[in-house]
Amino acid sequence: MQIISADKIFTGNEWLTNHAIVVENNRIKEIIPATEAAQHFSNAFIAPAFIDLQIYGAGEKLFAVYPEKDALKKLVAYCRNGGAAYCMPTVATHPYQTFYQCIDAVKDYWKDGDTAVLGLHIEGPWISAAKKGAHIEDCIHSPTIEQVKHLLEYGKDVIKIITLAPEVCNQQIIDLILSYNIIISAGHSNATYEEATKAFNNGITAATHLYNAMSALQHRSPGVVGAVLNHASVMSSIIPDGLHVDFAAVNIAKQIMKERLFVITDAVTQTTEGYYPHHLAGDKYESNGILSGSALTMSKAVKNLVQHCNIKLDEALRMCSLYPARVIQMENEYGCIKPGAISSLIVMNEKFEMIRMMG
């Protein structure tokens, strides 16, 4: 059993002072009044650890290029250094063989009992060539039922999120993916407002990196962006690095979407191999001259949200923890500090710097 405290505790719901957290068997046992028995962190606060649902690699080992356990270990270490205890390694548009290799790598990683990798996020190849961004056009296509079935069977219980363009996948394919308990996110899509809204009403519950690689909001053609902003329940990720999205646009989306907006890093790593030769260009990465990923961490994202997007700290923390947990329907396990929840916690100082990660 362990007892920890700090000047403040953010539970995911409220701020507490003069309290401590009791941890036992990797679970929150209870929250109690402050006690001298607790390990106390001064000039700091405790919050739920972050969750990054879209990250491609770290330590010069892009996961799609190095579909192996060591690449995942480097990715997890990068996430933890930025406050994310959990992540969803992501593979962009590639030949199917790459997806199979990445599925095998996740299974291999899980053999050690490490739970930091929640599963696999496949982004493409069932997307719009018109909104491909840095994705490889030669691999982009509208899938057959047989192609989808084969991938889903091979990746059963490993694939947790698929980003696709709803206009290139019919409802039969959408229903098939949903039958495997996979979250579908609309992204790299040139759908109309009507097409996107219909998709959100028929099983697609999320959208991928709002504003980027999707049909824009225009006054006569609201597009995917308009459909996301105007929907009652669909959630969307966003990349708050000030480069993928202007900070003012983050603020606008937040005011409209409220609890439906969550953070991803979309982080990549330097590589000269494979389909995506990512090169660091300032505070972002480019591939073949196109913006291809961020150099963001989740703790840096929190700082950006507070300092540049006029978002309160408690809400910035939720956008990096509780709301991603909701997307994957695990909000009672992660993203909160309450009895029974997983005891994955971060300690941060007033400068939003990581002091300690627990669990």
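For clarity, every value in this text was computed on a predicted model and none was experimentally measured.

Rules behind the numbers
- Residues numbered from 1 in each chain as written.
- Predicted model: local features only at pLDDT ≥ 70, side-chain atom pairs only at ≥ 80, totals over all residues.
- Heavy atoms only, no water.
- Pairing = 2+ DSSP bridges.
- Helix = DSSP H or I, 4+ residues; strand = E, 2+ residues; numbered from the N terminus.
- Buried < 20%, exposed > 50% of the residue type's maximum accessible area, 1.4 Å probe, protein only.
- Arc of directions from axis to C-beta.
- Contact = heavy atoms within 4.5 Å.
- Axes fitted to C-alpha atoms, helices over the stretch in contact; angles between N-to-C directions.
- Parallel < 35°, antiparallel > 145°, perpendicular 65-115°, else oblique.
- Left-handed = near helix turned anticlockwise from the far one by under 90°.
- Polar contact = N/O pair within 3.5 Å; in protein donor to acceptor, adjacent residues only side chain to side chain.
- Salt bridge = Lys/Arg side-chain N within 4 Å of Asp/Glu carboxyl O.
- Phe/Tyr/Trp six-rings, centres within 6.5 Å; stacked < 30°, edge-to-face > 60°.
- Lys NZ or Arg CZ within 6 Å of the ring centre and 35° of its normal.

J.: Tell me about the pairing of strand β20 (residues 354-358), and please be specific about residues and values.
T.: Direction of pairing for strand β19 (residues 345-349) relative to β20: antiparallel, over a ladder of four bridges. Paired with Leu-345 across the strands is Met-358, a residue of β20. In this structure, the hairpin formed by β19 and β20 is closed by a connection of four residues, where Phe-352 is found at a positive phi of approximately 65°.

J.: Residues and numbers for the pairing of strand β16 (residues 278-281), please.
T.: In this structure, β16 lies alongside strand β17 (residues 284-287), joined through four bridges in antiparallel fashion. Across the sheet, His-279 pairs through a bridge with Glu-286, a residue of β17. With antiparallel pairing between neighbouring strands as the criterion, β16 and β17 make up a hairpin whose turn holds two residues, including Gly-282 at a positive phi of roughly 70°.

J.: How would you explain helix α5 (residues 193-200) if you had to name every residue and give the values?
T.: All of the buried residues in α5 are Ala-196, Thr-197, Ala-199 and Phe-200. Seen along its axis, α5 keeps its buried residues to an arc of 160°; they face one direction. Opposite the buried face of α5, by more than 90 degrees, sit the exposed residues Glu-194 and Lys-198. Taken together, the buried residues of α5 touch β12 (183-186), β13 (206-207) and α6 (223-230).

J.: How would you sum up the packing of helix α2 (residues 96-110) against helix α3 (residues 145-154)? Please name residues and give values.
T.: As a packed pair, α2 and α3 sit with axes 10 Å apart at the nearest point and diverge in direction by 15°. The orientation of α2 with respect to α3, classified from their angle, is roughly parallel. You can see that α2 and α3 cross each other, and the crossing is right-handed. Residue-level contacts link Tyr-96, Phe-99, Tyr-100, Ile-103, Asp-104 and Lys-107 of α2 to Gln-147, His-150, Leu-151 and Tyr-154 of α3.

J.: So what about the environment of Asp-104? Which residues, and what values?
T.: Tracing the sequence through the fold places Asp-104 in helix α2. Through-space distance from the C-alpha of Asp-104 to that of Tyr-154 is 9.1 Å; in sequence the pair is 50 residues apart.

J.: Report on the sheet that holds β16, specifying residues and quantitative values.
T.: Read across the open sheet, the three strands follow the order β16-β17-β18; overall the sheet is antiparallel. Two strands in the sheet have a free side with no partner beyond their single neighbour: β16 and β18 (290-294). Taking the axes of each pair of neighbouring strands and ignoring which way they run, one obtains an average angle of 40° across the sheet.

J.: I'd like a description of the side chain of Arg-318, backed by residues and values.
T.: Within the fold, Arg-318 resides in helix α9 (residues 313-320). Judged by relative accessible area, which is 12%, Arg-318 ranks as buried. Among the polar contacts listed, one links the side chain of Arg-318 to the side chain of Glu-315, at a separation of 2.8 Å. Leaving out residues up to four positions away in the same chain, Arg-318 has contacts with Phe-10, Gly-12, Asn-13, Tyr-323 and Pro-324.

J.: A description of the pattern of salt bridges should follow, citing residues and the corresponding values.
T.: Applying the stated criterion across every chain yields a total of ten salt bridges. Here Asp-70 makes a salt bridge to Lys-61, at a shortest N to O gap of 2.8 Å. Classification of Asp-70 by relative accessible area gives partly exposed; the value is 34%. One salt-bridge network, in which partners are shared between bridges, spans Lys-254, Asp-314, Glu-315 and Arg-318.

J.: Just give me the short version of the side chain of Glu-315, but keep the residues and values in it.
T.: Examined against the element boundaries, Glu-315 turns out to sit in helix α9. Classification of Glu-315 as buried rests on a relative accessible area of 15%. In this structure, Glu-315 is in contact with Lys-254, Lys-258, Glu-259 and Tyr-323, ignoring residues within four places of it in sequence.

J.: Could you give me a rundown of the packing of aromatic side chains, with the residues and numbers involved?
T.: A complete count under the given rule lists five aromatic pairs for this structure. Consider the rings of Phe-10 and Trp-15, whose centres lie 4.9 Å apart with planes at 45°: the pair is tilted. Residues Tyr-86 and Tyr-334 carry aromatic rings whose centres are separated by 4.3 Å and whose planes lie at 40° to one another, so their mutual orientation is tilted. With Tyr-86 in strand β9 (residues 84-91) and Tyr-334 in the loop between α10 (322-327) and β19, this pair connects stretches of sequence that are 248 residues apart. Overall, Tyr-86 belongs to the buried group, its relative accessible area being 6%. Through a chain of ring-to-ring contacts, three or more aromatic side chains come together here, namely Phe-10, Trp-15 and Phe-45. Geometry around Tyr-66 places Lys-61 over its ring, the cationic atom sitting 5.3 Å from the centre.

J.: So what about the sheet that holds strand β14 (residues 235-238)? Which residues, and what values?
T.: Pairing is parallel across the open sheet formed by eight strands, whose spatial order is β6-β9-β10-β11-β12-β13-β14-β15. With one partner strand each, in any of the chains shown, β6 (50-55) and β15 (261-263) form the two edges of the open sheet. Bridge count for β13 against β14 is two bridges, and the pairing is parallel. When the bridges of β14 are listed, Ala-206 appears paired with Met-235. Of the strands in this sheet, β9, β10 (120-123) and β11 (159-164) are in contact with α2, which crosses β10 at around 165°. Contacting β14 and β15, helix α7 (residues 247-257) crosses the sheet at an angle of about 135° to β15.

Functional significance is not addressed by these values, which are geometric in nature.
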